[in-house]
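Structural features, examined
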Amino acid sequence: MDSGLPDLRELLLFYADAGVDEALEDSPVDRFAESAPLRRNAGASGGALRQDGPSPRVGEAAAGQASSVPAARGSRALPPPVRPEPAAAVPDEAQAARARELARSAASMEELRELLAAFDGCNLKSTAKTLVFSDGNPQADIMFVGEAPGREEDLEGLPFVGRSGRLLDQMLAAIGLDRSSAYIANVIPWRPPGNRTPTPIETEICRPFIERQVELANPKVLVTLGGPSAKVLLHASEGVLRMRGTWKSHTTASGVTIPAMPTLHPAYLLRNPAHKKLAWRDFLEIKAKLRALG
Ligand code: URA
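These lines cover the structure that appears in this document, whether it is placed above or below. (Residues numbered from 1 in each chain as written. Predicted model: local features only at pLDDT ≥ 70, side-chain atom pairs only at ≥ 80, totals over all residues. Heavy atoms only, no water.)

As a structural note, the neighbourhood of the ligand is formed by Gly146, Glu147, Ala148, Pro149, Glu153, Pro159, Phe160, Ser164, Asn186 and His265. Between glutamate 147 and the ligand, the recorded distance is 2.7 Å, taken from a backbone N or O atom to an oxygen atom. Between the ligand and the protein, one listed contact pairs an oxygen atom with a side-chain N or O atom of histidine 265 at 2.8 Å. Across the complex, the protein chains shield 92% of the 230 Å² of accessible surface that the ligand would expose by itself. More than half of the atoms belonging to the ligand lie within 2 Å of the grid points that define the second largest pocket. Here the shell around the ligand is composed, by residue class, of four nonpolar, four polar and two charged. (Near = heavy atom within 4 Å. Polar contact = N/O pair within 3.5 Å; in protein donor to acceptor, adjacent residues only side chain to side chain. Areas by Shrake-Rupley, 256 points an atom, 1.4 Å probe, with all protein chains shown as cover. 1 Å grid on protein atoms, 1.4 Å probe; cavity = no way out; pocket = protein on both sides within 12 Å on 5 of 7 lines; lining within 4 Å. Sits in = over half its atoms within 2 Å of the grid points. Nonpolar A, V, L, I, M, F, W, Y, C, P; charged D, E, K, R; others polar.)

Written out as C-alpha cells, the structure reads:
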C-alpha cells in the first residue's frame, strides 16, 4: 500500500522540524476517512476498507460506497461523497524549479493569479484557507510587499487587512495614498500555519511568483515592508533596521531596475511604536521620490 504515505510522513517530519505544534481547526478532521473512497476505488476488491471512528466527515466519506455497495440491513442511508483533498506537496528544489517555470510563463497579472491558484507545489497552500494574491491597483506607481498573510488576511483573501493593515492604511494616507493608488502583495501568498516563519525552501518556491508580480506591475517605486521582503526582493543581507531609509533597487528578470525603499513592517511598528518616526522618515522619502518621478 503506497498511497502517498511516505510523502505524508516526510511532510509531517518537515512540519515538526519547522516547529509546527498547533491544531489548525477547531475540531479534528479524519483525513483517512476523506480519502477512503479513493483508496477503495484504487484497490481491486475494496476488501481493505478501514473501519474509521465516527465523525461527521467519516459518515460523508463512507457515502462513496452508496451507489456501489448495498447498505447493510438496518443501516442509515449514506450521505454524498466527499472529494478528498489533494496531498500536500513536499517542498523541495523540484517544486521551486516548477514555480520558476510557471511564473515566467505568466503573460498578465490575471494569468499569474490563475497559475498561482492552480499551483500545488507549495505545502502552505494545503493549510491556508485562501490564496492572498494582492489588493489595490496593479497600475499604481507604487507597490508594497509584505511577508505573508496572517489570520485575517487568510479569511478575507486580501493582504494587510488586520491590525498591521490598518496601520499601513494610515501610513499610506499620511503621504496621500490609499488602496486605489497603491498595489499591495506579499512574498508568501498563503498563511503559514500558526503564523510561523516560512522556511527557506517555502520562500524559494514562492519567490518566482512575487518577482513576476513585481515585474508585471512594473511600479515606479517598490517598498519592502520588513526584513523578509527586503531579503527576497532586494537580496539584503543586513538587518532592516540598518538598511531602511536608503534607496536600493530591484532588478526584474527582464532587466528593468526599480528604485526600492526598505522600511519597517507595520506589525513591528505596532510592537515598537517608538520606531514609527523612522518609518515616517522613510515615507517622506517615498513621497518625494514619487513626486520626482512624476
Ligand atoms: N503581514 C504581512 O506581511 N502581510 C499581510 O498581508 C499581513 C500581515
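That shown, we press on.
Positive phi, close to 60°, is recorded for asparagine 195, a residue that is not glycine. By the secondary structure assignment, asparagine 195 is in the loop between strand 3 (183-186) and helix 9 (200-217). Positioned with a positive phi, histidine 235 is a non-glycine residue whose angle comes to about 50°. Structurally, the position occupied by histidine 235 is in the loop between helix 10 (227-234) and helix 11 (240-243). (Helix = DSSP H or I, 4+ residues; strand = E, 2+ residues; numbered from the N terminus.)

Our next topic: helix 9. Taking 1.5 Å as the rise per residue, helix 9 with 18 residues should run 26 Å; its terminal C-alpha atoms sit 25 Å apart, in good agreement. Approximately 35° is the largest bend angle found in helix 9, and it occurs at cysteine 206, with the proline proline 208 only one to four residues beyond. Along helix 9, 13 of the 18 residues are buried, which leaves the element largely enclosed by surrounding structure. Where helix 9 ends, the next residue or the one after it, asparagine 218, has phi of about 45°, a positive value. (Expected span 1.5 Å × (residues − 1). Bend = angle between axes of the 7 residues up to and from the residue. Buried < 20%, exposed > 50% of the residue type's maximum accessible area, 1.4 Å probe, protein only.)

This part takes up empty space enclosed by the protein. In the structure shown here, the tally under the stated rule is one cavity of 30 Å³ or more. Approximately 40 Å³ is the volume found for the largest cavity. Lining the largest cavity, in full, are Leu116, Val132, Phe133, Asn186, Val187, Pro189, Phe209, Ile210 and Gln213. Broken down by element, the residue count for the lining of the largest cavity peaks at three residues, all from helix 9. (Points joined across faces, edges and corners; volume = space filled by probe spheres on them.)

What follows concerns the environment of tryptophan 190. Position of tryptophan 190 among the secondary structure elements: in the loop between strand 3 and helix 9. Those residues in contact with tryptophan 190, other than ones at most four positions away along the chain, are Leu116, Phe119, Cys122, Leu124, Lys125, Ala128, Thr130, Leu131, Pro149 and Cys206. (Contact = heavy atoms within 4.5 Å.)

Here the second largest pocket is characterised by a volume of approximately 630 Å³. Considering the residues around the second largest pocket, the lining is formed by 29 residues, among which Glu147, Ala148, His265, Ala267 and Arg271 are closest to the centre. Per-element tally for the lining of the second largest pocket: the top contributor is helix 12 (residues 266-271), with four residues. Of the residues assigned to the lining of the second largest pocket, the class counts are 13 nonpolar, nine polar and seven charged.

Spatially, six strands are ordered 1-3-2-4-6-5 in an open sheet, and the strand pairing comes out mixed. Each edge of the open sheet is held by one strand with a lone partner, namely strand 1 (135-136) and strand 5 (248-251). One ladder, built from four bridges, connects strand 2 (residues 142-146) with strand 4 (residues 221-225); its direction is parallel. Following the sheet pairing, phenylalanine 144 is matched in strand 4 by valine 223. Packed on one face of the sheet, helix 13 (residues 276-293) meets strand 2, strand 4 and strand 6 (257-263) and runs near 160° to strand 6. (Pairing = 2+ DSSP bridges. Axes fitted to C-alpha atoms, helices over the stretch in contact; angles between N-to-C directions.)

Moving on to the packing of aromatic side chains. Inspection of the entire model under this criterion finds two aromatic pairs. A ring pair is formed by phenylalanine 119 and phenylalanine 209, whose centres lie 5.2 Å apart and whose planes are at 50°; its orientation type is tilted. With phenylalanine 119 in the loop between helix 5 (109-118) and helix 6 (124-127) and phenylalanine 209 in helix 9, this residue pair connects regions lying 90 residues apart in the sequence. Classification of phenylalanine 119 as buried rests on a relative accessible area of 1%. (Phe/Tyr/Trp six-rings, centres within 6.5 Å; stacked < 30°, edge-to-face > 60°.)

Purely geometric numbers; function is a separate question.
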